[in-house]
Amino acid sequence: MADSLDGRSMRERMMAGDLYIADDPELEEQAHTAQDLMAAYNATGPRQKPLRRALLEQLLGGVGDDTEIRAPLYVDFGAHLTFGARCFANYGLVALDVARITIGDDVQIGPHVQLLTPTHPVEPGPRRDKWEAAEPITIGDNVWLGGGVVVCPGVSIGDNTVVGAGAVVTKDLPADVVAVGNPARVVKHLS
């Protein structure tokens, strides 16, 4: 369905990071397909590794070799989420991948981490009219996100960085640091 303002579909607007309406039929169908795959993945057990891998490869935009994601996993589309090689995501990862979420190699993700790309207008009118947007998240190689970390829209986290449990990452973090708190702040530089 094309937007009457500029002729682009809601999906095209979403992928460009522009305001879009999420309950567009095309987007709803893609989200429902992802939810079906997500439910199937979350219903598997740890002894079903080949099936789990096949479901992840269908659901996600990419999943590197030797990457393990413990169920439950929650996504919006799945196709906009990529994992590098040798990653580990513990129970309860929420990756709202309205925009791209790119996770490097050797990343460790604690339980109940949230990677949140959606944004909503501050102005009440557009928000009431269901307009929203999204900004991508990028996580570098060898990053460790402690349990309960929240990464906000548009954030990049540099290689080798450690984010302490419960931190809320609202701004980019450079490589080779330890960051903690709400909002997350650098407390140590790694040598």
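Cut-offs used in this document
Residues numbered from 1 in each chain as written. Predicted model: local features only at pLDDT ≥ 70, side-chain atom pairs only at ≥ 80, totals over all residues. Heavy atoms only, no water. Pairing = 2+ DSSP bridges. Helix = DSSP H or I, 4+ residues; strand = E, 2+ residues; numbered from the N terminus. Salt bridge = Lys/Arg side-chain N within 4 Å of Asp/Glu carboxyl O. Buried < 20%, exposed > 50% of the residue type's maximum accessible area, 1.4 Å probe, protein only.

Draft legend 1. Representation of the pairing of strand β20 (residues 185–189) within the structure. In this structure, strand β19 (residues 177–180) lies alongside β20, joined through four bridges in antiparallel fashion. Its bridge partner lying in β20, Ala-179 is registered against Val-186. The turn linking β19 back onto β20 is made up of four residues, and Gly-181 within it adopts a positive phi angle of 95°.

Draft legend 2. Local environment of the pattern of salt bridges. According to the stated counting rule, one finds six salt bridges in the structure shown. In this structure, the salt-bridge partner of Arg-53 is Glu-57, at a minimum N-O distance of 2.8 Å. Of this pair, Arg-53 and Glu-57 both sit in helix α3 (residues 49–59), four residues apart, which is roughly one turn of that helix. We note a salt bridge from Arg-70 to Glu-68, for which the minimum N-O separation is 3.5 Å. A relative accessible area of 40% places Glu-68 in the partly exposed class. The structure contains a network of salt bridges with shared partners spanning Asp-6, Arg-8, Arg-13 and Asp-18.

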